[in-house]
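An overview of the molecular structure
Take a look at the letters that make up each chain.
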Amino acid sequence: MTPVLLIWKKRVTYLWKLYYKFISFQIDGVILIYLLGLVGVLGLYFKETILEIIRYVPADYMAILLQVVLMLFLASGNLTGHLKLADQVFLSPLDIDGKKFLKYSHTLNKGIHILIWFFIWTILYLYYRINFGATIYIYLTVLICGAILKISILDFKFIIWNKLGKWRRRIYNALFYLVAYGFIGRALSILTQSHISKIKLIIYLSSSTIILIISQLIKNDILIDWERLINEETNKRVRNFAFLLGQPYREKKSSRRRTISVFSGRKILPFNEKGALLLLYFKILQRGEGNLVLLLQMYFGILASIIFGGQLVSSSGIAEIQTFAIISNIFVAYILAGFLSSLWINLKEDIWFRVYPYTLKQKMDAIELAPTIVLIIVLLFINIPLNLVNKWIFNPAISFIGIIIVSIITVKIHSYLLISKLEIY
Amino acid sequence: MNLLNIRSLSGGYDKIKIIKGVSFQVEEGEIVGLIGPNGAGKTTIIKSILGILPLIDGEIKILQYNIKENPLEFKKRIAYVPETPLLYDEMTLLEHLEFTGMSHGVDKDIFTEKTSELLKLFKLEDKLHHFPNSFSKGMKQKVMIMCAFLYDPSIYVIDEPFMGLDPIATRDFIDLIRLKKEEGKGVLMSTHILDTAEKVCDRFILINYGQIEAAGTLDELRKSAEIEHGGLADIYERLAGDSE
């Protein structure tokens, strides 16, 4: 066994154990049983409604919907190297040993992606078989071509990722998705046909194989940006564990070099001690573990669920839309306040937070004020479209006052718990 | 006048005493070098002064302010340059400087003036919107030094200040320390670079096994070590070597 393979095996075993801990932390056996029970009961209770919805949606639309699912799956995912910061030393020279290590990791990644693809396509094929009489040849063609394309797409994504220059990479990425979605979307139209001609079969197979060969040739020749790859992989992994396990991360290393002057500096914050703590908080939220992208994702997820949930609730007559809006706002505010307040936890071991001369009041004010400001803004952005969709369910002024009160109370609850954890003196 | 007064200090981790009954002072306009082998307890003394490690015994005062009774006034009068630069991944150089200035209640105009002076001195004017984590070790250390010299403390606690600095930056930093000395500030500097310490420091405290092995000016240390013409390195070798 080569030394590189040995390191790789140890690394994968170690990460597997870490992921197991990560998963087991989130899945509590009792909660899982309750959840399955609840889903089962709800499924049984709403069985007729669900079937009615499926019957109501025309088969053509359903077929397109499933095609979109397949298309999204084929274009999704990235190759992971399972790299760590110390690999710059362990796997030196990186262009020889590092590449060997990546080969094992990428093979594992591709294997997992292909297995999931087999599973998803086999299940969805049944729908096309029942509704459109899709033959076994179609199944096999899509299965094989899909697998080949999936590997090519993963390779191409890795190639683009290593392209130097942020903007050049973004442009390449956008173009790639455009071509990939177009190509896959067009190719998947065979799903609604009952059979596939031999010529088409040959064209599909040969064109996917050519794409695969091209992707392999380019990938083998690519110059890998090792430092960025190792940093980003480490940071991503650490961020995931840190966020969901609620632990501070020490392994993280930033690959960010600079920003433009508009985004640098305190701007409107007061030039005093409280302003300093707020500056620290907002910058961590914007660029660090708070992760503005994560907050935006949460925002859109919450907005969509409230809008659809509200429509469902009001049409079912279970509750008034106003009642639903109030309950969901409080619920969302509580969860978001928890997330926003938790950013202070990492400061427990921060030297400057402890060494610099802040009064207890300044610390407590900042701990409460910073998440409250963000929470009010997020809740406003959730409620404005919500009210516009539902033709102002509340008076705008009442909504605004309500949001401020809810934000202050929920952040206060979390801050109270946090301050005792932080042992601030 | 005593700026920093440490009396019978015992400190360490989890009730395990690493430093035992250490007492010394740093006077106004004085640079004191804290020297000693690895693991002697220098960093523990510094951490105790900063309030990062709780005191097991003894007393630490800056002017009349006791670390236990008046921690806020105590902290206001201290500036710290750590051995390993402690920077935030999420903040640019400008934001680090602003954060420090704001935390110490520096006036905005003075901040602008001092920042431009320090940026010029350490040749970092074009890095203002860069993230210091992309800097070299020496540049990171410069950021830490700039942060410490932005405000007006009574005493500077500096841990291994010359690590990673290029010769010109080292010279500029020494000039800066001397300037502060002339202004009547105190400097407590822990270092292994004995040649430079010999030129910069007025007095030395040799720590070994958590206790003061010897203290005084270079001449006084020579007498303790019974060396007539030796430098600090020779004295260190004799005193630290003898006790091992």
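Further up the page is the structure itself.
Structure report, in brief. Residue numbers here run from 1 along each chain, matching the order of that chain's written sequence. To label them, take the chains in the order written and letter them from A, then take the ligands in the order written and number them from 1. Local features in this predicted model are restricted to residues of pLDDT 70 or higher, and side-chain atom pairs are both shown and tallied only at a pLDDT of 80 or more, whereas totals for entire chains, interfaces and linings draw on every residue. In computing side-chain properties, one takes all heavy atoms of the structure into account and sets aside hydrogens as well as water.

**So, the overall build of chain A**
Along chain A, the regular secondary structure elements total 16 helices and zero strands. Looking at chain A as a whole, 41% of its 425 residues qualify as buried. Total accessible area on chain A is roughly 24300 Å²; 71% of this is exposed by carbon and sulfur atoms. Secondary structure counts use DSSP, requiring at least four H or I residues in a row for a helix and at least two E residues in a row for a strand, with both numbered from the N terminus. To sort residues, take the accessible area from a 1.4 Å probe on protein chains only and compare it with the maximum for the residue type: under 20% means buried, over 50% means exposed, and anything in between is partly exposed. For accessible areas, the Shrake-Rupley method is used with a probe of radius 1.4 Å. Any residue's cover is judged against the shown protein chains and nothing else.

**Some thoughts on the overall build of chain B**
Along the backbone of chain B there are nine helices and 10 strands. The proportion of buried residues among the 244 residues of chain B is 58%. When the accessible surface of chain B is summed, it comes to about 10200 Å², and 48% of that surface belongs to carbon and sulfur atoms.

**What about the pairing of strand β9 (residues 203-208) of chain B?**
All names here are of chain B. Where burial is concerned, most of β9 is hidden: six out of the six residues are buried. Residues Arg203, Ile205 and Ile207 line one face of β9 and the alternating positions Phe204, Leu206 and Asn208 line the opposite face, and both faces are buried. Across four bridges, the pairing between strand β3 (residues 31-35) and β9 is parallel. Within β9, the position partnered with Leu34 by the bridge is Ile205. When DSSP finds two or more bridges between a pair of strands, those strands are recorded as paired. Two strands pair when backbone bridges link them, and β9 and strand β10 (residues 211-216) are joined in this way by five bridges, in the antiparallel orientation. Counted as the bridge partner of Phe204 is Gly216 from β10. What sits between the antiparallel neighbours β9 and β10 is a turn of two residues, in which Tyr209 has the positive phi angle 50°.

**Observations concerning a nonpolar patch on the surface**
Residues and elements named next belong to chain A. For patches, a residue must show more than 30% relative accessible area and have no salt bridge; joins then use 9 Å for like charges and 5 Å for nonpolar side chains, namely Val, Leu, Ile, Met, Phe, Trp and Tyr. Between Lys or Arg on one side and Asp or Glu on the other, a salt bridge is scored when a side-chain nitrogen of the former is within 4 Å of a carboxyl oxygen of the latter. A cluster of nonpolar side chains, contributed by Leu38, Leu42, Tyr45, Phe46, Ile50, Leu51 and Ile54, occupies part of the molecular surface with about 680 Å² of accessible area. Of all the secondary-structure elements, those providing two or more residues to the nonpolar patch are α2 (29-45) and α3 (47-56). Mapped onto the secondary structure, Tyr45 falls in helix α2. Using a relative accessible area of 66% as the deciding quantity, one classes Tyr45 as exposed.

**Some thoughts on the packing of helix α4 (residues 59-75) of chain A against helix α6 (residues 94-132) of chain A**
Residues and elements named next belong to chain A. Here, axes are lines fitted to C-alpha atoms. For helices the fit covers the stretch in contact, and angles between N-to-C directions go from 0 to 180 degrees. Two numbers describe how α4 lies on α6: the axes approach to 11 Å, and their chain directions differ by 170°. In terms of their interaxial angle, α4 and α6 are classed as roughly antiparallel. For the pair α4 and α6, the contacting residues are Ala59, Asp60, Met62, Ala63, Leu66, Gln67, Val69, Leu70, Phe73 and Leu74 in the first and His113, Ile116, Trp117, Ile120, Trp121, Leu124, Tyr127, Tyr128, Asn131 and Phe132 in the second. Amino acids outside the nonpolar list (Ala, Val, Leu, Ile, Met, Phe, Trp, Tyr, Cys, Pro) and the charged list (Asp, Glu, Lys, Arg) are all regarded as polar, and Gly is one of them. Within the contact of α4 with α6, the residues separate by chemical class into 16 nonpolar, three polar and one charged. Roughly parallel means an angle under 35 degrees; roughly antiparallel means over 145; roughly perpendicular covers 65 to 115; every other angle is labelled oblique. Throughout, a residue-residue contact means that at least one pair of heavy atoms, one from each residue, lies within 4.5 Å.

**So, the interface of chain A and chain B**
Every contact between the two is made by 37 residues of chain A and, on the other side, 36 residues of chain B. Accessible area that two parts lose when put together, with a 1.4 Å probe and added across both, is what the buried area reports. Summed over both sides, the interface between chain A and chain B buries roughly 3400 Å², with carbon and sulfur atoms accounting for 64% of that surface. It is Phe271(A), Trp352(A) and Pro357(A) in chain A that bury the most area against chain B; as a group they hold 23% of the surface buried on that side. Taken together, chain A and chain B are joined by one salt bridge.

**Description of the pattern of salt bridges**
Applying the stated criterion across every chain, the model contains 19 salt bridges over all chains. Across the pair Lys283(A) and Glu95(B) runs a salt bridge, and its minimum N-O distance is 3.3 Å. Of this pair, Lys283(A) sits in helix α11 (residues 273-287) while Glu95(B) sits in helix α3 (residues 93-103), each in a different chain. Of the charged contacts, one joins Arg203(B) and Glu30(B) as a salt bridge, the two residues approaching to 2.5 Å between their closest N and O atoms. You can see Arg203(B) sitting in strand β9 and its partner Glu30(B) sitting in the loop between β2 (16-27) and β3, a full 173 residues away along the chain. Given the relative accessible area of 18%, Arg203(B) is considered buried. Taking relative accessible area as the criterion, Glu30(B) reaches 10% and is therefore assigned buried.

**Thoughts on unusual backbone geometry**
Of note, the phi angle at Lys267(A) is positive, near 55°, even though the residue is not glycine. Along the chain, Lys267(A) turns up in the loop between α10 (226-245) and α11. Positive phi is not limited to glycine here, since Lys123(B) has a value of about 55°. Take Lys123(B): it is sitting in the loop between α4 (108-121) and α5 (137-148).

**Observations regarding the packing of aromatic side chains**
Aromatic rings from Phe, Tyr and Trp, taking only the six-membered ring of Trp, are treated as a pair when their centres fall within 6.5 Å; an angle between ring planes under 30 degrees marks them as stacked, one over 60 as edge-to-face, and anything in between as tilted. Taken as a whole, this structure holds 25 aromatic pairs over all chains when the rule is applied. On the basis of an interplanar angle of 70° and a centroid distance of 5.9 Å, the ring pair of Phe176(A) and Tyr177(A) is categorised as edge-to-face. Taking relative accessible area as the criterion, Tyr177(A) reaches 27% and is therefore assigned partly exposed. Plain terms: the ring middles of Tyr356(A) and Phe99(B) are 5.7 Å apart, the flat faces sit at 45° to each other, and that makes the pair tilted. Highlighted residues: Tyr356(A) in the loop between α14 (351-355) and α15 (360-389) and Phe99(B) in helix α3, drawn from two different chains. Phe99(B) shares its class with Tyr356(A); the two are buried. In this structure an aromatic cluster arises from ring pairing among Tyr281(A), Phe282(A), Trp344(A), Trp352(A), Phe353(A), Tyr356(A), Tyr358(A), Tyr80(B), Tyr88(B) and Phe99(B). The ring of Phe353(A) is capped by Lys363(A), whose NZ or CZ atom sits 4.9 Å from the centre of that ring. In this scheme, Lys NZ or Arg CZ marks a charge over a ring once it lies within 6 Å of the ring centre and within 35 degrees of the ring normal.

**A few points about the nonpolar core**
Side-chain atoms within 4.5 Å are what join buried Ala, Val, Leu, Ile, Met, Phe, Trp, Tyr and Cys residues into a set we call a nonpolar core. Core analysis: the biggest nonpolar cluster contains 129 residues, and Trp344(A), Leu4(B), Ile49(B) and Phe99(B) have the highest contact counts within it. Of all the elements, α15(A) adds the most residues to this core, at 10 residues. Discounting residues that sit within four places of it in the chain, Leu4(B) has contacts with Phe24(B), Gln25(B), Val26(B), Ile49(B), Ile60(B), Lys61(B), Ile62(B), Ile155(B) and Leu188(B). Membership of the second largest hydrophobic core comes to 50 residues, among which are Leu124(A), Ala134(A), Leu154(A) and Ile160(A).

**Some thoughts on the side chain of Ser407(A)**
Residue and element names in this part refer to chain A. As for its placement among the helices and strands, Ser407 is situated in helix α16 (residues 396-422). According to the relative accessible area criterion, Ser407 is buried, its value standing at 0%. Under this definition, polar contacts are N or O atom pairs within 3.5 Å; protein pairs additionally need one hydrogen-donor-capable and one acceptor-capable atom, and for neighbouring residues in sequence, both atoms have to be side-chain atoms. Within polar-contact distance, the side chain of Ser407 engages the backbone oxygen of Ile403 at 2.7 Å.

**Section: the sheet that holds β2(B)**
All names here are of chain B. Spatial ordering of the open sheet is given by β2-β1-β4-β5, a layout of four strands whose pairing is antiparallel. The open sheet terminates on both sides in strands that have one partner only, identified here as β2 and β5 (65-66). Where strand β1 (residues 2-13) and strand β4 (residues 55-62) come together, six bridges link them in antiparallel fashion. Looking at β4, one finds that Leu4 is bridged to Ile62. Packing of helix α1 (residues 42-50) onto the sheet brings it into contact with β1, β2 and β4, and relative to β1 it is tilted by some 115°.

**Some thoughts on the sheet that holds β10(B)**
Residue and element names in this part refer to chain B. The six strands are arranged β6-β7-β8-β3-β9-β10 in an open sheet whose pairing can be described as mixed. The two strands at the open ends of the sheet, each matched to only one other strand, are β6 (78-81) and β10. On average, adjacent strands in this sheet sit at an angle of 15° to one another, irrespective of strand direction. The sheet strands contacting helix α6 (residues 167-182) are β3, β7 (155-159) and β8 (186-190), and the helix crosses β7 at an angle near 155°. This element, helix α8 (residues 218-225), spans β9 and β10 of the sheet and lies at about 125° to β10.

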